[in-house]
Structure formats: C-alpha cells, structure tokens
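So you can see what is in the structure, the chains are spelled out below.
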Amino acid sequence: MNIPTFQTIFSEFRNWLIEKDLSGAELVYSYFFIGLLGVTLFLFITIFLTRQVFILAVRSAKTKSNWQSALFEFRVFRAFALIFGAYIIYNAVPFVFVDFKVWLFYALIISKIYVVLATMFAINAFLNAMVSIMEASRKYADKPIRSYKQVAKIIIYILGFVLILSIILNQSPLYVFGGFGAVTAVLILVFRDPILGFVASVQMSAIDLVRVGDWITVEKYGADGEVTEINLTTIKVRNWDKTVTIVPSYAIVSESFKNWRAMEESEGRRIKRHINIKISSIKFCDEELINRLKSIDFLRDYLNETQRHIESFNAENTVNPNNLVNGRHMTNIGTFRVYAEKYLESNPFINTDLTFMVRQLQATENGLPIEIYVFSKEKGLKKFEEVAADIFDHLLAAVPYFDLEIFQSPSGSDMRGFVGRGND
C-alpha cells in the first residue's frame, strides 16, 4: 500500500476542482481557500492524534515512576506533536500557495521559522522533564543539573536565533555565524555572568565543591545556611534565620567559603571553647584542699596516686617541706584540668576517638584560658549546642570547688561597690 504524498493529494484535488468545471480565478481561489482549510484541519487532527498516541503509550507502561509525571507536567507530548504539525505545514505550503508566488515566498519563510520554533520548544520541554527526573533521583539530587540545563538552553536559543536569522536573510547559517565575529566582545560582555557561572558549575561538579543540601558559610555575602538551588549564575542559600541569600556561582570557586559537609559526614562536631581563670586564684594544693577534692569520685584515684608519686619524689630528693615552692606539688589549676578530662571522658555524647584535649592557652589580660577541645557525637545544631552548654554549665559551676575564680571584667555594680567600700 502506497502512502499518498502531498504532491499527489493536491494534484488530485486540483483535478477534482477542474472536473467540477472550475477555471480561472474561481479555480485558483477555490483551490487556495479549500486547500488552506483542509491543511489546517489535518494539522489539528494530526497534532491531537499524535499527542494521544504518546500519552496512551506512556500510560500503558507497567511501572509508574517520576519520569511519567515529568513528561506530563512539562507537556513533552504536545511539544513533539507540534513537530509533526511543523512537518505538515512545511510540506503543504508550496502546494497551497502554488498560484501566489509572492505569498509563497513569505509563507515558506514563516513555515521554516515555525519548524525551528517547534523543534526548540520540543527540546526545551524535554530538557525540563529530564532535569526534573534527575533532580528527583538520589544519584543526581546534589549535582548542579540546572546549571547544565541553562547552558544547554542558551546554546539552543543561540542556534535557533541563528537559524531564524539565516532563514530571513536567505543565507547559510555559517554566514550568520561568521558575522558574529564582529560582535564577539559584546556577546562576552552580555553573557559574562553565564559564562563564569558555567565554568564555575563545571569546576564545582568536577571537584565536588558544593552540592544541593550542603551547609555553607560565605561571610562576604552573609550566607550561612543550606544550599537549596544551584543555577547557572547563582547559588540560592536558605539561611538559618529563614532568609535567602543569593551567591554568584563563580564566587564559590574564586573566593573563600566554608562547607560544613565534611563535618556532617564525620564522626563528630568540634567543641572548641574556653574558660578564663583568674590568675591570682591559681595556687598549690594544700592538705586541706586535697582532702576536700578526694570526695570527688572522678579525682579520688588520681589524687591518691599522684600524691604517692610526689611524696616519693620529694623524699628521694630531700626536698624542704617548709615551702611549697620546693619540690613537686599539685596545683588547683592542674587538678581542675584533670577533672575536666575525667568528666568529659564519662560524657556519652563526646567522641573520645577523635581529638580530645583540655589545655592551657597563652595567659592574657583576661586571665588564663582553659580550653575544651573535643568532638560531640551530636552534630545537629540544637543537640550540639545542648551538649556544649551542659558541659560548660557543669565546669563553670565546678570551678569554685578548686578554689579557683573565673575572670570577669568588672561591671558598673562592681565599681560602685568598690567605691562604696573605699569611702567607708
């Protein structure tokens, strides 16, 4: 069975009109208007049937998944049906306008432009659907897929513009591309951000700098929160205060920023805080203080063992016991450090397999800092802050038991009390 071509159909149609005794202008206009109406009806019927065939084929699939929803959401079937319509128009126009040479010239231009636009529309719908499917997949959820989609769209729009321009000018697309050399600098200036953004997106994807869902901090732009979207030129960050900050994509590659993903993937989140001890409260431990501290469960064994070592050392070296500066003696600050370590080791929320230190920092005008440098097993912001707060609540309350004082700058009430005592 031979499928009739447009030439055969329109030839038979003209012959049928001639058989009806039509001639001259009557034949020409009858052929044109009836032919135009017939092509229009055939066009709509073809588009409708093609779309329905695609929909029926997809709905008949045994498994239901995201790709089916995406194809319907972005009207991919309608877009591809329009390509069939464009094919009909492009092939029918020369026969419909065969008697109108001037109109035929413009009709051919319009039909070719329609073919280009229909193809662009179909590719655009298909890209939107594919990106939606990939973003729903765990494999690609953290990749800058939208950046690549936007680059692809820019390329498609440029190619479409060149093809349409070549159709209007009746020149080869290569000729139009050649003319772009004169405006290259202007194009680079206009598309500066997309070009930089595309390069940055490729780099971010290649070396896995940023993913959707990462917690990042970019101080220059005031961003501190979760990455919700990565586009060609921008990265959208939802800050923890629920505001949204837009960061240029190229800034992530060219400037400093902090990505907290490694911390979230690790076995702990760092607690690095210190307590300033008043230096004048630091002293050697006398017998009274040692005996008092032995009532603390964490310190009892340590104090007994350390006291035996010190007494043995001092006896072997005939140390004069009348002055505590002679020989070796425990200090309240050193004993407090040991207590802090023992307390932290017993805390079930501290990961002792990671870096674990209670150390002294350089003394300053604000006292002697005792720094807690450990890692919490809880990494979520709320739980983490609760663990850190509980630790320092306890340690701050424990400081006075070692005859130590926490340094605090005098407040207005302290100064008034000092002046009042001076007047007395």
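The preceding data block contains the structure.
Residues numbered from 1 in each chain as written. Predicted model: local features only at pLDDT ≥ 70, side-chain atom pairs only at ≥ 80, totals over all residues. Heavy atoms only, no water.

## Quick word on the overall build of the chain
Across its full length, the chain carries 16 helices and eight strands. Looking at the 424 residues of the chain, the share that counts as buried comes to 34%. Counting only contacts in the chain whose residues sit at least 6 apart along the sequence, the fraction spanning at least 24 positions is 65%. As displayed, the chain has an accessible area near 25900 Å², and 60% of this comes from carbon and sulfur atoms. (Helix = DSSP H or I, 4+ residues; strand = E, 2+ residues; numbered from the N terminus. Buried < 20%, exposed > 50% of the residue type's maximum accessible area, 1.4 Å probe, protein only. Contact = heavy atoms within 4.5 Å. Areas by Shrake-Rupley, 256 points an atom, 1.4 Å probe, with all protein chains shown as cover.)

## Details of the sheet that holds strand β6 (residues 269-277)
The strand order across the open sheet formed by three strands is β6-β8-β7, and the pairing between neighbours is antiparallel. Every other strand in the sheet has two partners, leaving β6 and β7 (357-360) as the edge strands with one partner each. Each adjacent strand pair in this sheet contributes to an overall mean axis angle of 15°, direction not counted. Two elements, β6 and strand β8 (residues 368-376), share nine bridges in a ladder whose sense is antiparallel. Among the inter-strand pairings, His274 is bridged to a residue of β8, identified as Glu371. Along the sheet, helix α14 (residues 332-345) makes contact with β6, β7 and β8, crossing β8 at roughly 15°. Across the sheet, helix α15 (residues 381-398) touches β6 and β8, and the angle it forms with β6 is around 25°. (Pairing = 2+ DSSP bridges. Axes fitted to C-alpha atoms, helices over the stretch in contact; angles between N-to-C directions.)

## Regarding the sheet that holds strand β3 (residues 234-239)
In any sheet, the strands associate via hydrogen bonds between backbone groups, in a parallel or an antiparallel arrangement. Read from one edge of the open sheet, five strands run β4-β3-β2-β1-β5, paired in antiparallel fashion. Lying at the two open borders of the sheet, with one neighbouring strand each, are β4 (244-248) and β5 (258-259). Direction of pairing for strand β2 (residues 223-230) relative to β3: antiparallel, over a ladder of five bridges. Residue pairing in the sheet places Glu226 in a bridge with Arg238 of β3.

## Side note on the pairing of β8
Among the nine residues in β8, nine count as buried, and that is most of the element. Sheet analysis places β7 next to β8, joined by four bridges and oriented antiparallel. Along β8, the bridge assignment pairs Arg359 with Glu371.

## Focus on helix α13 (residues 297-316)
Look at α13: 30 Å from first C-alpha to last across 20 residues, which is about the 28 Å you get at 1.5 Å a residue. For α13, the secondary structure elements touched by its buried residues are α12 (287-293) and α14. Directly beyond the C-terminal end of α13, a positive phi value near 45° is found at Thr318. (Expected span 1.5 Å × (residues − 1).)

## Section: unusual backbone geometry
If you check the backbone angles, Lys242 has positive phi at about 75° while not being a glycine. Along the chain, Lys242 turns up in the loop between β3 and β4. Here Asp403, not a glycine, exhibits a phi torsion of approximately 60°, which is positive. One can find Asp403 in the loop between α15 and α16 (412-423). According to the relative accessible area criterion, Asp403 is partly exposed, its value standing at 27%.

## Describing the packing of α14 against α15
Between α14 and α15, the shortest axis-to-axis distance is 11 Å and the interhelical angle comes to 150°. Overall, the two elements α14 and α15 adopt an arrangement that is roughly antiparallel. As α14 runs across α15, the sense of the crossing is right-handed. Counting all contacts with α14, which are made through Phe336, Tyr339, Ala340, Tyr343 and Leu344, the residues of α15 involved are Asp390, Ile391, His394, Leu395 and Ala398. (Parallel < 35°, antiparallel > 145°, perpendicular 65-115°, else oblique. Left-handed = near helix turned anticlockwise from the far one by under 90°.)

## Regarding a negative patch on the surface
Judged by side-chain charge, Asp286, Glu287, Glu288 and Glu311 come together as a negatively charged surface patch. Relative to the assigned elements, Glu311 resides in helix α13. Classification of Glu311 by relative accessible area gives partly exposed; the value is 49%. (Patch = residues over 30% accessible without salt bridge, like charges linked within 9 Å, V, L, I, M, F, W, Y side chains within 5 Å. Salt bridge = Lys/Arg side-chain N within 4 Å of Asp/Glu carboxyl O. Lys, Arg positive; Asp, Glu negative; His and termini not counted. Charge placed at Lys NZ, Arg CZ, Asp CG, Glu CD.)

## Concerning the pattern of salt bridges
According to the stated counting rule, one finds ten salt bridges in the structure shown. Note that Lys272 and Glu371 form a salt bridge whose closest N and O atoms lie 3.4 Å from each other. Taken together, the positions of Lys272 in strand β6 and Glu371 in strand β8 put the pair 99 residues apart, joining distant regions of the chain. Of the residues examined, Lys272 reaches a relative accessible area of 40% and is grouped as partly exposed. Here Lys382 ties to Glu386 by a salt bridge, and the two come within 2.6 Å at their closest N and O atoms. You can see Lys382 and its partner Glu386 sitting in helix α15, four residues apart, about one turn around the helix. On the accessibility criterion, Lys382 (61% relative accessible area) is exposed. In this structure, a network of salt bridges that share partners links the residues Lys272, Arg359 and Glu371.

## Structural notes on the packing of aromatic side chains
The final tally for this structure, using the stated rule, is nine aromatic pairs. On the numbers, 5.2 Å between centres and 80° between planes, the contact of Phe105 with Tyr106 is edge-to-face. With relative accessibility at 45%, the residue Phe105 sits in the partly exposed group. Ring geometry for Trp215 against Trp240: centres 5.5 Å apart, planes inclined by 80°, an arrangement best described as edge-to-face. Taken together, the residues Trp215 in strand β1 (residues 215-218) and Trp240 in the loop between β3 and β4 connect sequence positions 25 residues apart. On the accessibility criterion, Trp215 (9% relative accessible area) is buried. Look at Trp240 and you get partly exposed, because its relative accessible area is 45%. (Phe/Tyr/Trp six-rings, centres within 6.5 Å; stacked < 30°, edge-to-face > 60°.)

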